[in-house]
Amino acid sequence: MPLLLMILPLLIHTGHPVYQGKDLGLHYTVSASHFRIWSPPAAAAQLLLYRSAGDVTAYKIIDLQKGEAGTWFTRLDGDQKGIWYNFRVNINGQWSQAVPDPYARAVGVNGKKALIFDPRDTNPKGWTTDKSPVFSTHDRPTDAIIYELHIRDASIDPSSGITHKGKFLGLAEEGTHSPEGLSTGLSHLKELGVTHIHLLPFFDYNSVDESRPDSPQYNWGYDPLNYNAPEGSYSTNPYDGITRIKELKQMIAALHRNGLRVVMDVVYNHTGVTETSNFNELVPGYYYRHKSDGSLSNATACGNETASEAPMMRKFMVESVLYWAREYHIDGFRFDLMGVHDIATMNLLADSLRKVRPDILLYGEGWTAGDSPVPGSLRALKKNVSKLHNIAVFSDDIRDGIKGSVFDINDIGFASGRADAAESIKFGVAAACQHPQIDYSKVNYSKQPYAWSPDEVISYCECHDNNTLWDKLALSCPDASEETRIKMHKLALTIVLTSQGIPFLHAGTEFLRTKKGVDNSYKSPDSINALDWRSKYQHQDVVQYVKELIRLRRQHPAFRMYTGAQVAEYLHFDEHTPAGTIAYTLNGAAMMDSWKKIWVGFNGGDTTKEFSLPAGAWHTGLAMDGSHGTHTGSIRLQGHSAVILYL
Ligand code: CA
């Protein structure tokens with residue numbers, strides 16, 4: 001394998017020199033602006049200056065000087081703040097399109113031009129004293145509770161009562177409420193008690209036309225344009241390069257002030273456009289993987305896949321996340337299709353970030369959407385998570401174990417009555433760690449444990465992809481009453497929030513979010529995607545139950561074990577429970593929990609089942625049916641329900 005590691009980049013990349021300097025892009029001071037781009041194949045390179053972002057013709061074109069290791073540079077003396085710029089390179093006698101460099105940090109409308117700016121002008125009042133809230137006394141990832149949210153979805157519906165609908169600033173508004181008087185937006189998130197808000201892409205993406213803010217447009221944003229600049233459609237003025245930066249920082253500061261950390265969804269695995277991306281205009285082909293016939297490889301199903309093993313792509317990714325962490329006080333990153341990236345790059349990235357932010361939360365999708373020319377053993381796939389430096393992966397095992405396969409509308413899971421999914425749930429409860437009581441041959445996807453410790457696994461049953469949990473239950477259980485489906489829904493979320501690992505909730509699941517049966521809503525209108533805050537009033541009982549679950553998890557360290565050995569030793573599954581049920585006991589005392597022992601019971605079936613309890617008089621910690629009391633000897637659990645007991 002080491003031999004392959006050495007050969008691979010040479011096969012794919014054409015021996016361009018690697019630039020080691022840290023000064024790619026613009027470096028501004030009041031006395032001069034410095035520029036440097038990397039383009040080894042260019043015979044000439046130019047900096048084009050514009051007085052306004054909308055200008056088609058440059059008022060000045062400056063030839064760049066050839067620098068070391070394939071770079072091109074120049075310096076403009078004096079304070080150049082407010083001037084717009086692009087670059088172009090001449091390769092084989094042809095000038096490229098004029099584009100911002102990949103490192104551009106302030107861009108104009110639709111990301112077409114970059115701005116010379118003073119970073120100090122982008123800081124809102126109080127930014128320099130902004131601090132990330134404490135979420136864990138030991139900064140353990142398993143103490144996090146992640147809530148995945150799209151910025152526009154949070155506020156765009158009239159029921160949000162939020163002024164800056166669909167904008168960064170919408171999530172900075174405090175004290176907003178629905179027509180029924182219940183908290184919405186930021187105040188709702190605070191009230192819910194989660195620790196990390198994971199925001200769908202907010203770097204500058206390609207699909208939404210920022211010049212038409214009032215026309216109906218929507219996109220999740222998984223189509224990167226300028227990796228190091230914020231998206232303009234979330235700002236109140238996409239034409240001005242500073243506003244989007246400042247307003248994003250205002251939003252982050254507001255979340256921090258309210259006890260919430262911010263996770264950024266990043267998409268380094270592909271670019272929104274290929275031939276005309278700023279990567280490709282400046283160094284054709286270099287940043288992408290190719291098949292042996294020379295055509296673009298497409299492990300992302302988005303038309304291209306980037307080549308993280310190419311030294312300058314690797315450097316770009318590392319410097320990009322470092323920039324976001326330092327400049328925007330980002331508390332975590334979620335890597336889209338992380339299985340496309342090579343392990344070495346992800347580990348370099350994680351190590352570099354932790355030098356700056358030891359408590360940063362890192363996780364990603366340990367899969368791809370197609371074949372890649374880089375061998376699976378070298379990529380950041382789920383099965384390789386133990387080779388990664390504390391970067392967690394999503395567990396599709398527990399996700400589909402709970403509700404059935406996301407790829408088959410009719411498939412049901414444990415919570416909706418599938419008895420043979422129990423082993424997949426046990427696998428999820430143990431956070432994919434080695435456990436002596438799990439029969440791995442019966443687990444849906446993984447036939448062996450892949451995690452060394454619970455902090456390598458994201459436990460979830462729903463995210464922005466595919467049907468919402470509520471819609472999935474309706475589609476796969478057409479004969480079940482609403483009352484029964486609410487029970488299934490609550491059971492599903494109970495499994496997620498009591499499992500070891502890092503729990504992850506999709507926005508609105510706490511009030512039975514529906515996307516009206518749309519499986520892939522990446523460009524569906526607001527009528528499908530927006531959070532409808534009236535649902536919070538309609539389903540207050542579910543909201544209250546989820547809040548209780550979150551509170552319980554945060555109060556009880558036994559649900560948040562942090563080593564694989566603890567999971568194997570302090571989590572014990574009851575043998576011989578009825579079919580379609582699971583019960584387990586946690587050793588609370590060993591985890592310094594105020595509850596000496598915790599017993600958790602899940603009944604995924606339709607009918608009431610009786611469970612034998614371990615010795616002792618067990619008190620109710622939380623019951624899905626709202627009951628309280630003490631149980632000795634046995635307990636009966638209704639169909640599709642859960643209970644948490646303690647000694
Ligand atoms: Ca954009």
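Quick caveat, the model's predicted, so the values are computed rather than measured. For every chain, the first residue of the written sequence is number 1, and numbering continues from 1 onward in sequence order. Local features are withheld for residues below a pLDDT of 70 in this predicted model, meaning they are given only at 70 or higher, and side-chain atom pairs are given and counted only at 80 or more; totals for whole chains, interfaces and linings count all residues. Only heavy atoms go into the side-chain values, all of them from the structure, while hydrogens and water stay out.

Draft legend 1. Focus on the overall build of the protein chain. Strands here mean DSSP runs of E at least two residues long; helices mean DSSP runs of H or I at least four residues long; both are numbered from the N terminus. On a plain count of helices and strands, the protein chain comes out with 15 helices and 27 strands. Computed over its C-alpha atoms, the radius of gyration of the protein chain comes to 26 Å, within 12% of the 26 Å expected for a compact globule of 647 residues. On the principal axes, the C-alpha backbone points of the protein chain span a range of 85 × 60 × 45 Å. Burial status across the protein chain gives 63% buried among its 647 residues. Note on method: radius of gyration uses C-alpha positions; expected globular size equals 2.2 Å times residues raised to 0.38. Burial classes: relative accessible area under 20% of the type maximum marks a residue as buried, over 50% as exposed, and values in between as partly exposed (1.4 Å probe, protein chains only).

Draft legend 2. Spatial organisation of the side chain of N110. For N110, the location among the structural elements is in the loop between β8 (94-95) and β9 (114-115). Side-chain polar atoms of N110 contact the side chain of D209, separated by 2.9 Å. Leaving out residues up to four positions away in the same chain, N110 has contacts with D204, V208, D209, E210, S211, L225 and R244. Any pair of nitrogen or oxygen atoms within 3.5 Å is treated as a polar contact; in protein, a donor-acceptor pairing is required on top of that, and neighbouring residues in sequence qualify only through side-chain atoms on both sides. We call two residues in contact whenever any of their non-hydrogen atoms come within 4.5 Å of each other.

Draft legend 3. View of the environment of E548. Here E548 lies in helix α14 (residues 540-555). In sequence terms E548 and K249 are 299 residues apart; their C-alpha atoms lie 31 Å from each other.

Draft legend 4. Expanded view of the nonpolar core. We call a set of buried Ala, Val, Leu, Ile, Met, Phe, Trp, Tyr and Cys residues a nonpolar core when their side-chain atoms join them within 4.5 Å. Membership of the largest hydrophobic core comes to 173 residues, with the highest contact counts inside it found for L149, L199, F202, W324, F333 and F602. Take this core: its biggest share by element is 11 residues, from helix α6 (residues 311-328). In terms of nonpolar packing, the next biggest core, distinct from the first, is built from 17 residues, F135, L337, W367 and Y460 among them.

Draft legend 5. Layout of the layout of surface pockets. Reported here for the largest pocket is a volume of approximately 790 Å³. Broken down by class, the residue content of the lining of the largest pocket amounts to 14 nonpolar, 8 polar and 11 charged. A cavity here means a set of 1 Å grid points, computed over protein atoms only, where a 1.4 Å probe fits but cannot escape. A pocket is an open set with protein on both sides within 12 Å along at least 5 of 7 lines, and lining residues have an atom within 4 Å of a point. Grid points are joined across faces, edges and corners, and a volume is the space filled by probe spheres set on the points. Put simply, the second largest pocket is a space of about 390 Å³. Lining the second largest pocket are 18 residues, and of these K22, H27, R105, E319 and Y323 lie nearest its centre. Looking at the lining of the second largest pocket, the elements that each hand over two or more residues are β1 (25-28) and α6. Ranked by residue count, the leading element in the lining of the second largest pocket is α6, at 5 residues. Here the term charged refers only to Asp, Glu, Lys and Arg, the term nonpolar to Ala, Val, Leu, Ile, Met, Phe, Trp, Tyr, Cys and Pro, and the term polar to all other amino acids, Gly among them. In terms of residue class, the lining of the second largest pocket is made up of 9 nonpolar, 3 polar and 6 charged.

Draft legend 6. The sheet that holds strand β20 (residues 571-573), seen in detail. The strand order across the open sheet formed by 6 strands is β20-β21-β22-β27-β24-β25, and the pairing between neighbours is antiparallel. Of all strands in the sheet, those bounded by a partner on one side alone are β20 and β25 (630-631). Here β20 pairs with strand β21 (residues 581-587) via 3 bridges, running antiparallel. By the bridge assignment for β21, L571 is matched with L586. A pair of strands is labelled paired if DSSP reports no fewer than 2 bridges between them.

Draft legend 7. Layout of empty space enclosed by the protein. Counting across every chain of the model gives 5 cavities of 30 Å³ or more. Of the voids in this model, the largest cavity is the one considered here, and its volume is about 170 Å³. Around the largest cavity, the lining is made up of 19 residues, and of these R152, V208, P213, Q217 and S233 lie nearest the centre. Its residues assigned to classes, the lining of the largest cavity shows 6 nonpolar, 8 polar and 5 charged. One number sums up the size of the second largest cavity: a volume of about 100 Å³. For the lining of the second largest cavity, the secondary structure elements donating two or more residues are β2 (32-38), α5 (278-282) and α6.

Draft legend 8. Main features of the side chain of T494. By the secondary structure assignment, T494 is in helix α11 (residues 482-498). For T494, the residues in contact, after removing those within four places along its chain, are Y545, L549, F602, M624, A642 and I644.

Draft legend 9. Quick look at the pattern of salt bridges. What makes a salt bridge here is a side-chain nitrogen of Lys or Arg within 4 Å of a carboxyl oxygen of Asp or Glu, nothing more. One pass over the structure, following the stated rule, counts 34 salt bridges. Here D23 and R36 are joined by a salt bridge, their closest N and O atoms 3.0 Å apart. Note that D23 is positioned in the loop between α1 (2-12) and β1 and R36 in strand β2, a separation of 13 residues in sequence. A single salt-bridge network, built from bridges that share partners, covers R261, D331, R357 and D359.

Draft legend 10. Quick look at the coordination of the calcium ion. Protein-derived ligands of the calcium ion are D204 (OD), Y205 (O), E210 (OE) and E231 (OE), with the metal-ligand distances lying across 2.2 to 2.4 Å. We call an atom a donor if it is N, O or S and sits within 2.8 Å of the metal, or 3.2 Å for Na, K and Ca. Water is not counted, so some sites may look partial. Mapped onto the sequence, the donors of the calcium ion take the spacing D-Y-x4-E-x20-E. Linking D204 in strand β12 (residues 203-205) with E231 in the loop between β13 (224-230) and α4 (243-257), this pair joins segments that are 27 residues apart in sequence. Both residues of the pair, D204 and E231, count as buried.

Draft legend 11. Broad picture of the sheet that holds strand β15 (residues 332-335). Read around the closed barrel, the 8 strands follow the order β10-β11-β14-β15-β16-β17-β18-β19; overall the barrel is parallel. The average undirected angle you get between the axes of adjacent strands in this sheet is 30°. Note: strand β10 (residues 146-149) against strand β11 (residues 196-199), 4 bridges, orientation parallel. Looking at the pairing, L149 lines up with L199 of β11. Every angle, taken between N-to-C directions, lies between 0 and 180 degrees, and every axis is a line fitted to C-alpha atoms, over only the stretch in contact when it is a helix.

Draft legend 12. Spatial organisation of the packing of α11 against α14. Where α11 contacts α14, the two axes come as close as 10 Å, and the packing angle between them is 15°. Taken together, the axes of α11 and α14 lie roughly parallel to each other. Remark: the crossing between α11 and α14 carries right-handed chirality. Judged by residue contacts, I486, K490, L493, T494, V496, L497 and T498 of α11 engage V542, Y545, V546, L549, I550 and R553 from α14. Across the contact of α11 with α14, the residue classes break down as 9 nonpolar, 2 polar and 2 charged. By definition in this entry, angles of less than 35 degrees are roughly parallel, angles greater than 145 are roughly antiparallel, angles of 65 to 115 are roughly perpendicular, and the rest are oblique. Take the far helix as the reference: if the near one is turned anticlockwise from it by less than a right angle, the crossing is left-handed, and if turned clockwise, right-handed.

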